[in-house]
Amino acid sequence: MGFTFSIGDVEVFFPYDTVYPEQLDYMIELKHTLDAKGHCILEMPTGTGKTVALFALITSYQFFHPEVGKLVYCTRTVPEMSKALEELRNVIEYRVEVLAGRRVAQSLAETEAVTGDILAVGLSARRNMCIHPEVSREADRERIDEKCRELTASFVRSHANVDSRKTCEYYTRYQDFAAGVGRGCALPNGVYTVEDLAALGAQEKNKWCPYFMSKRLLQTASVVVLNYQYVLDPKVSQVTMLGGADIPVRNPEGSRIDEVVPGAMKEPSIVVFDEAHNIDDVCIEALSVRLDSTSLERSSKNLTDLAAKVEQTKQIDAARLQEEYQRLVQGLQDAGEIDDQVAERISSPVLPDDIVVEAIPGNIRRAEHFINLMRRVVLFLKSYLKERREARTEGALSLQHRMEEEAQVDSRTLKFCYDRLRSLLNTLEVVNVDEFGPITRVADFCTLLGHYVKGFIAIVDPYPEAHGIYDPVFDFSCLDAAIAMRPVMKRFQSVILTSGTISPLEMYPKMLAMTNVVSTHSFQIQLDRRCICPMIVSRGSDQVPVSSRFALRDDPSVVRNYGQLLEDLVATVPDGMVCFFPSYAYMEKVIKKWYETGVLARVMAKKLVFIETKDIVATTYALANFRLACDCGRGAVFFSVARGKVSEGIDFDRHYGRCVVLFGVPFQYTLSKVLRARLEFLKEHHKIQESEFLTFDAMRAASQCVGRVIRSKRDYGIMVFADQRYSKQDKRDKIPEWIQTFMDIAATNMSADGAIQGAREFLLQMSQPQIIDSTTCKSLLSPDVARQRAADKSKASAVHGFIQEEDRPGKRARIV
């Protein structure tokens, strides 16, 4: 199983007997990017083997170019992480098998040739990796983190021999490994999922903590798979342990927890953001803080509790506070010698490269002085929040000046609020760190305000919800996604953004300030039969336009036509259907009207109906029952919301999603003060017009929704864009190219009747047996054809070189 082929000077180990044409083109584009030591943005159609193509090319490139360093693969969920690592395992196992066969053929000893295996690990949160029998039984993430800290904190371990405190035997065993005691049981090379590490750690001969072990192995692994947050969010970032770190000394017999060579050369690395269509939102969310009246009241209580703990500590162990003071006098570097778990639970909101390495100011070195300063900050924020019953915005520099005037807190002191709080919690031996979350967010705000002036704005919205209820909210919002991406671009040699629905590609280099972008490319999907049926429904059966635009939301004819379209589709399409609405409010309004007019009852006579809610548990339960209804042949309809949980991470492949319907265009709530501020920032700094960004954002959300139903080339599905605005050129052009390919001119402006007729014809065609002639099959390439095509394209690249793309500034080159 599998075959090898060459792309330039790299032999690619591909673990399957055939390769898709788009997979081959994808790998060629990736290699070009790595050769140029630049970045790229690639759109690969869903269901075409993007993950295996990416791992096959990059791991082969690492094998033949060891200087390229490690691969950091970022994804969003644990299931996606496990799937990625399983694909990686297939790639590496095939490579090991091929090299072993060559070694036998050449009569080489195992020590005389490389085996081709690597160390690859996945990292997730404690709740997914903890194996402690008591801690792992907790259902709540915060409780798991708290109980873990109760058993593993440095001060708990130091007191264990004195007062017989309970500690975690798995963490103790991990420490033995880290200190070299357990080096005889080193982890061999291999691909380890989160589940694999948990199983290994639980074995009687090991009994080490898989969570801390995986964090340790980040430094030595050749491939690391983890969540976006570990790279982009400075509060949980592991970026200093990934690419650009000092090269560790590795034992050829296996990948052990070896020491890092101080002063060794820095290694370049590759970072891949899979499903990167929302990466700008992730960057902005990571650097933004939201506070309201409730959180500020809890912050005041946190400060009262901290003051009481300080007084209690003074009476019991005053030397501990004095020792902390002396550490802080010595400077930030020495003060950093605190419990690593406190540092993890309350990590700096500031990007690593922006942290100021200097002594903490004298006015907050003593615990009482720091608590008093934070009280002044909280009082200022309470007053600022309720100053006027009207929405207002203020720049970061102006807010700094106001705090200096009204709260007597200078900007230099603000920079160190995070460090000082971290040190204080460690000194007071606080275990339940999550209880101090409110004051932690205030300290995050202070630190961000002290460090950043540009790209941030303070917004007070007295009526954050559209219901007119007075509940003021303070947002210190990051407006520039490029701030969070800056250390990533600086640290990693190549950054790859990829997704199945990331159109339009040209927006991302602008928003993320990406330079040295070698390629932005959307690959076409090649199919042997037309298994995708996209249609734009612009009017109902009565020829009345349908749209979710605000002016028509209360129009009964629109709701009636949407209901008729749903009824007709339910009667036509077998198995499962998924329907997306622009917002929860609009979905509730439409479903209520459908219930009153009997539409819902007529739909339920043919299929069961399930609804996504804001409750994750209820939604998960609804999804499970939806799948059961499809499996038993009853059929079901799932009502969901664009940008919700279902639209981002749930696949409706095969019979679970034969049709997806978008009722409306999922524009954001344009009256949001945060969105308005971001639009102004994009216009001023990136020359991106308001309408351009709003359309881009809505269409990428729409594309993500419709992409849920096609998960392989053998799958088929109907995509219905039910809004007349989709027929306009500016919206239609932003639909991914691989979907546009299957949209005829007649399908770009259809009535509901025409769409139903088109759906029937499509389903009839799909019901016919597919006869594939291997000699004329276009969707699969045999090994010989793949080798020849790869050789031809490599030769063309060598002969013709690279050409500049004049219409895209910031781009370097594309392969001809």
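Please read all numbers here as calculations on a predicted model, not as lab measurements.

1. A short note on the overall build of the protein
No. 1: A count of helical and extended segments in the protein gives 32 helices and 23 strands.
No. 2: For the protein, the exposed surface amounts to about 33,900 Å²; the carbon and sulfur share of it is 51%.

2. What to know about empty space enclosed by the protein
No. 1: Scanning all chains against the criterion turns up 7 cavities of 30 Å³ or more.
No. 2: Computed from the structure, the largest cavity encloses a volume of approximately 120 Å³.
No. 3: Looking at the largest cavity, it is lined by 13 residues, and the ones nearest its centre are Cys130, His132, Cys148, Cys168 and Cys209.
No. 4: Put simply, the parts of the chain that give the lining of the largest cavity at least two residues each are α5 (141-152) and α9 (210-217).
No. 5: Take the lining of the largest cavity: its biggest share by element is 3 residues, from α5.
No. 6: Tallied by class, residues from the lining of the largest cavity come to 10 nonpolar, 2 polar and 1 charged.

3. As for the sheet that holds strand β11 (residues 456-461)
No. 1: Pairing is antiparallel across the open sheet formed by 4 strands, whose spatial order is β9-β12-β11-β10. Strands with a single pairing partner mark the edges of an open sheet, and in this sheet they are β9 (289-292) and β10 (392-395). Within the sheet, the average angular offset between the axes of one strand and its neighbour, ignoring direction, is 15 degrees.
No. 2: For β10 and β11, the ladder comprises 4 bridges, and the chain directions are antiparallel. The partner of arginine 392 across the bridge, within β11, is valine 460.

4. What about unusual backbone geometry?
No. 1: Even without glycine at this site, lysine 207 takes up a positive phi of about 55 degrees.
No. 2: Residue asparagine 516 is not a glycine yet carries a positive backbone phi of 55 degrees.
No. 3: Of note, asparagine 516 is situated in the loop between α21 (507-512) and β14 (517-522).

5. Some thoughts on the nonpolar core
No. 1: Counting residues in hydrophobic clusters, the biggest one holds 166 residues, and the most contacted among them are Met27, Phe273, Ile279, Val442, Phe445, Phe474 and Leu497.
No. 2: Sorting elements by how many residues they give to this core places helix α15 (residues 367-385) first, with 11 residues.
No. 3: Methionine 27 has contacts with Phe5, Ile7, Val12, Phe14, Val19, Ala53, Ala56 and Leu57, leaving out every residue within four places of it along the chain.
No. 4: By size, the runner-up hydrophobic cluster in this structure holds 81 residues, among which are Val603, Ile735, Phe742 and Ile756.

6. Focus on helix α27 (residues 673-686)
No. 1: Taking 1.5 Å of rise per residue, 14 residues should cover 20 Å, and α27 covers 19 Å from first to last C-alpha, within 8% of that figure.
No. 2: Taken residue by residue, α27 has Leu675, Ala677, Arg678, Leu679, Phe681, Leu682 and His686 as its buried positions.
No. 3: Among the residues trailing α27, lysine 687 stands out with phi positive, at a value near 60 degrees.

7. Side note on the pairing of strand β13 (residues 494-499)
No. 1: Where burial is concerned, most of β13 is hidden: 6 out of the 6 residues are buried.
No. 2: Of the two faces of β13, the one lined by Ser494, Ile496 and Thr498 and the one lined by Val495, Leu497 and Ser499 are each fully buried.
No. 3: Sheet topology note: the strand β3 (residues 39-43)/β13 ladder contains 4 bridges and is parallel. What sits directly across from isoleucine 41, in β13, is leucine 497.

8. Topic: helix α25 (residues 616-631)
No. 1: Relative to the 22 Å expected for 16 residues at 1.5 Å per residue, α25 spans 23 Å between its end C-alpha atoms, a close match to the ideal helical length.
No. 2: Looking at α25, one finds that the buried residues are Thr619, Ala622, Leu623, Phe626, Ala629 and Cys630. With its buried residues spanning 125 degrees around the axis, α25 presents them on a single face. The exposed residues of α25 that point more than 90 degrees off its buried face are Val617, Tyr621 and Leu628.
No. 3: The N-capping residue of α25, defined by a side-chain oxygen 2.9 Å from the backbone nitrogen of valine 617, is aspartate 615.

9. Examining the confidence of the model for the protein
No. 1: Looking at the protein as a whole, the pLDDT averages 83, with 85% of positions reaching at least 70.
No. 2: Residue range residues 332-346 is modelled with pLDDT below 50. Its contacts to residues more than four positions away, or to other chains, number 48 contacts.
No. 3: This stretch, residues 799-816, has a pLDDT under 50; its non-local contacts, to residues over four places away or in other chains, come to 41 contacts.

10. Quick word on the packing of helix α1 (residues 21-36) against helix α2 (residues 50-64)
No. 1: Their axes nearest at 9 Å, the elements α1 and α2 cross at an angle of 40 degrees. As far as their axial angle goes, α2 and α1 are oblique. Remark: the crossing between α1 and α2 carries right-handed chirality. From α1, Gln23, Tyr26, Met27, Leu30, Lys31, Leu34 and Asp35 reach across to α2, where they touch Lys50, Val52, Ala53, Leu54, Ala56, Leu57, Ile58 and Tyr61.
No. 2: Here the contact of α1 with α2 is built from residues that sort into 11 nonpolar, 1 polar and 3 charged.

How each quantity is defined
Residues numbered from 1 in each chain as written. Predicted model: local features only at pLDDT ≥ 70, side-chain atom pairs only at ≥ 80, totals over all residues. Heavy atoms only, no water. Helix = DSSP H or I, 4+ residues; strand = E, 2+ residues; numbered from the N terminus. Areas by Shrake-Rupley, 256 points an atom, 1.4 Å probe, with all protein chains shown as cover. 1 Å grid on protein atoms, 1.4 Å probe; cavity = no way out; pocket = protein on both sides within 12 Å on 5 of 7 lines; lining within 4 Å. Points joined across faces, edges and corners; volume = space filled by probe spheres on them. Nonpolar A, V, L, I, M, F, W, Y, C, P; charged D, E, K, R; others polar. Pairing = 2+ DSSP bridges. Axes fitted to C-alpha atoms, helices over the stretch in contact; angles between N-to-C directions. Core = buried A, V, L, I, M, F, W, Y, C linked by side-chain atoms within 4.5 Å. Buried < 20%, exposed > 50% of the residue type's maximum accessible area, 1.4 Å probe, protein only. Contact = heavy atoms within 4.5 Å. Expected span 1.5 Å × (residues − 1). Arc of directions from axis to C-beta. Polar contact = N/O pair within 3.5 Å; in protein donor to acceptor, adjacent residues only side chain to side chain. pLDDT = per-residue confidence, 0-100. Parallel < 35°, antiparallel > 145°, perpendicular 65-115°, else oblique. Left-handed = near helix turned anticlockwise from the far one by under 90°.

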